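# Structure at a glance
The lines below spell out each chain.
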Amino acid sequence: MLEHAWNETGPRFKAWLAALLLLIGIGGFCYSIQLGTGLGVTGMSRDVSWGLYIGQFTFFVGVAASAVMVVLPYYLHDVKVFGRITVVGEFLAVTAVIMCILFILVDLGMPSRLLNIMLYPSPGSVLFWDMVVLNGYFFLNLLTGWKVLEAEYTGIKAPDWVKPLIYIAIPWAFSIHTVTAFIYSGIPGRDFWLTALTAPKFLASAFATGPALLILISLALRRFTGFDAGQEAVRRLSIIVTYAMSITVFMILAEFFTAFYSQVPSHMYALKYFFVGLYGGNSFVLISWIFATLCLLALILLLNPKTRGDETWLTVACASTFIALAIEKGISFTVGGFITNPFGRVTEYWPTAVEVGIVVGIWALGAFLLSLFYSLFVTVKRRSERGIA
Amino acid sequence: MNKNRLVALGLILFVLLFTFPVVMNLGKSVAKTQPPAMLQDQKAMQELADKLGVKNIDEFRERHKQVLAEWKDIVVRDGKRVYVTKDGREIPISLQNLASQPQYCNDCHDYAGIEKPNCWTCHVEPKGGAGK
Amino acid sequence: MKKPLSISRRTLLKATGAAALGIIPAGTLLVRAAGKPHPKALQAKNWAMVINAKLCPPGCRICQEACHKVHNVPNMPDPKQDVKWIWPESYNSAFPYETHPYTDQANEKRAYPVLCNHCENPSCVRVCPTKATFQRPDGVVMMDYHRCIGCRFCMAACPYGARSFNFKDPRPHIPQLNPAYPTRTPGVVEKCNFCDERLAVGQMPACMEACPAKAILFGDLNDPASPVRQALASNVTLQRKTKLGTRPKVFYIV
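Definitions and limits used
- Residues numbered from 1 in each chain as written.
- Chains lettered and ligands numbered in written order.
- Predicted model: local features only at pLDDT ≥ 70, side-chain atom pairs only at ≥ 80, totals over all residues.
- Heavy atoms only, no water.
- Phe/Tyr/Trp six-rings, centres within 6.5 Å; stacked < 30°, edge-to-face > 60°.
- Lys NZ or Arg CZ within 6 Å of the ring centre and 35° of its normal.
- Pairing = 2+ DSSP bridges.
- Helix = DSSP H or I, 4+ residues; strand = E, 2+ residues; numbered from the N terminus.
- Contact = heavy atoms within 4.5 Å.
- Axes fitted to C-alpha atoms, helices over the stretch in contact; angles between N-to-C directions.
- pLDDT = per-residue confidence, 0-100.
- Buried area = accessible area lost by both parts, 1.4 Å probe.
- Salt bridge = Lys/Arg side-chain N within 4 Å of Asp/Glu carboxyl O.

### A short note on the packing of aromatic side chains
By the definition in use, this model includes 45 aromatic pairs over all chains. These aromatic residues form a ring-pair network of at least three members: Trp50(A), Tyr184(A), Phe192(A), Trp193(A), Phe202(A), Tyr273(A), Phe274(A), Phe284(A), Phe333(A), Phe338(A), Trp350(A) and Phe153(C). When the ring centre of Trp87(C) is taken as origin, the NZ or CZ atom of Arg46(A), which lies over that ring, is 5.2 Å away. A cation over a ring is seen here: Arg77(B) above Phe134(C), with NZ or CZ 3.9 Å from the ring centre.

### Observations concerning the sheet that holds strand 1 (residues 82-84) of chain B
Here we have three strands laid out as an open sheet, ordered 2(B)-1(B)-1(C), and antiparallel in their pairing. Looking at the sheet topology across the chains shown, the edges are occupied by strand 2 (90-92) of chain B together with strand 1 (35-36) of chain C. Pairing of strand 1 of chain B with strand 1 of chain C, which is carried by two bridges, proceeds in the antiparallel orientation. Of the residues in strand 1 of chain C, the one forming a bridge with Tyr83(B) is Gly35(C). Against the sheet, helix 5 (residues 57-77) of chain B touches strand 1 and strand 2 of chain B together with strand 1 of chain C, its axis set at about 130 degrees to strand 1 of chain B.

### Details of the confidence of the model for chain B
Overall, the prediction assigns chain B a mean pLDDT of 81, with 88% of residues at 70 or greater. The secondary-structure element of chain B with the lowest mean pLDDT is helix 2 (residues 20-25) of chain B, recorded at 73, while strand 1 of chain B shows the highest, at 90.

### Here's the deal with the sheet that holds strand 11 (residues 250-253) of chain C
Residues and elements named next belong to chain C. In space, the four strands of this open sheet follow the order 9-2-11-10, with mixed pairing throughout. Sheet topology places strand 9 (216-220) and strand 10 (237-238) at the edges, where each strand pairs with a single neighbour. Note that strand 10 and strand 11 share two bridges and pair antiparallel. Bridge assignment links Leu 238 to a residue of strand 11, and that residue is Tyr 252. Lying on the sheet, helix 10 (residues 227-234) is in contact with strand 2 (47-52), strand 9, strand 10 and strand 11; it crosses strand 9 at an angle near 115 degrees.

### Some thoughts on the interface of chain A and chain C
With 45 residues of chain A at the interface, the matching set in chain C holds 53 residues. Both faces considered, chain A and chain C share a buried interface measuring about 3900 Å² in area, 57% of it formed by carbon and sulfur atoms. Together, Arg46(A), Pro188(A) and Phe343(A) form the three largest contributors to the area buried by chain A at its contact with chain C, with a combined 21%. Across the chain A-chain C interface, the total number found is two salt bridges.

Okay, structure coming up:
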């Protein structure tokens, strides 16, 4: 099916891929700088020892997990309208996992020793389990997504062993984001992370981010390829985004209550740092207010059935949701744990150009893979609908 | 693109991947025909084997990397400083002592056409070494 | 007569298959060769340290200088990416949240040496995905620089800020190389090792030996007769952040 997919793409699509390749190249160049000098070229420090890379990793684990929001209703609740886009979700998950692994790789000081995680397995380490569940999730989605699409292409029912794998992938999706949350919420002395709410909040925000992205992708697919996921599917997805976003904002506000009503200093520090600055450190104030504004905007547009039902407003709401949560989980949450440092001081962090270049490169790679997957998907759909096998 | 072209592309990729090490080394360093002088000095070589705690120079060649890794584990992970060989000899663990002439390590690695040991980027090179 | 190798083809195949699949990870297949302690090695059940901060004058850095010299700890140009094993902090910083604005001014000015606490329940060891940092039976929390992948999970997990990452090559920033101790490669985490390399050959920690005021005591926490236990029995002492349950083994007389 690959060869047909490639032949049916137009020049505009190839130009898009070329542009992405250029960005990937820039990312690769930035990474070669980092490999040469070490992580000293990033904005990280002994006090803020994780930054944009680990934040982005966390965010994309969420995107990967959120595929379950179309798979679960379709397979467990027989929501037929999602039938057309389960594969879109599965390929999104596969791409997101690849991006996650790359974000971890570029964050390592000694990438050549990556395999030590498997050579010296340490079941006590959450990172070890994260590696296990992420790899498992990757193969589950790649296999099921591919087989389901192939079945459609050939017109022959997918083999029987695909179904159980799809069912296994559902709880597995929850596991990847839970384990990722446990990286943060299980370590002493970082009071911003040390809350049982971290894992549920991660899941809630992931289930807002992913479906919001899927809506945007569906609308883009319809515009650029003519593939229509169906209005009903988009409507259902928008309801999922609404619920998940409301729950996310509720949980964030609950964090504020606990911190500021209890008045425990170490619980207030990170939140103060984000919104008003702390001990002279205020590099996150601007993006935190952007985050808050986008959350509010998204909620208003989503909760109002009129705007939610309107495609233009829904696009704005979904973009706001995605950007807001990309700020929150993609960088702020990670840095917040390091405010204050163990001596009660604030060390500022802001990514450097090299760091941003690498992240842009990985995003471009993600977009590149996704574009290829989706062009394949759209071709198969078109052919099967025209009745050509 | 038809299937044949895909197959051809795959074949080319396969060949490139498999011959990668050879291609990379093409014209790089013509293997030295003359082995390093120390390699022919039987006495010096046996001394070296003794310092590592292996029987002879053949075992040195085969196992020195592995023994060095064992040394690291004994020192770092067990906090011990003496290596007990299979035949019960006790060798003080010291990279400085073993490689009193680190240039020899480089020469031999060069001769074998493999990467120079990277020990001396961290462990301080013994005096007299021409290193790097 | 030598016994023939009594391993059937089937078993061998199974074993290689399992190893190849990574069911038996390669690391566990290696049987460690035998080692023996140095004849003069100092041994204990549970190494610990007591620092009498009352004897630490303001601005004193003698222990830091001694330690950093012995262990080839660099002076990195960017203080945010510096490497430190032991260094002075104010009482306020060493014990945040345990202070108030009206404390003894003399105490505020004292230089409290802070270092890895070699916790009995170390969170850094728990989180390490490769066991590159681990707890030895004698209570020393060690780093294996050959194994560290530089993920920095341990730095996030350490509530004492005791760990440093080699953001850049440290070699050019070491004032005077000590040939008896290695430097580190960029990309690995490091920290105080309770002078493991000195204990192993019969010497006490460098910071303790260098301190002119004899403010640092070192010994076996499990031995009631050790200087550490005697100091703990006869003084009011503090540990940093006890509520976290890490059970630090560096005690401060304040």
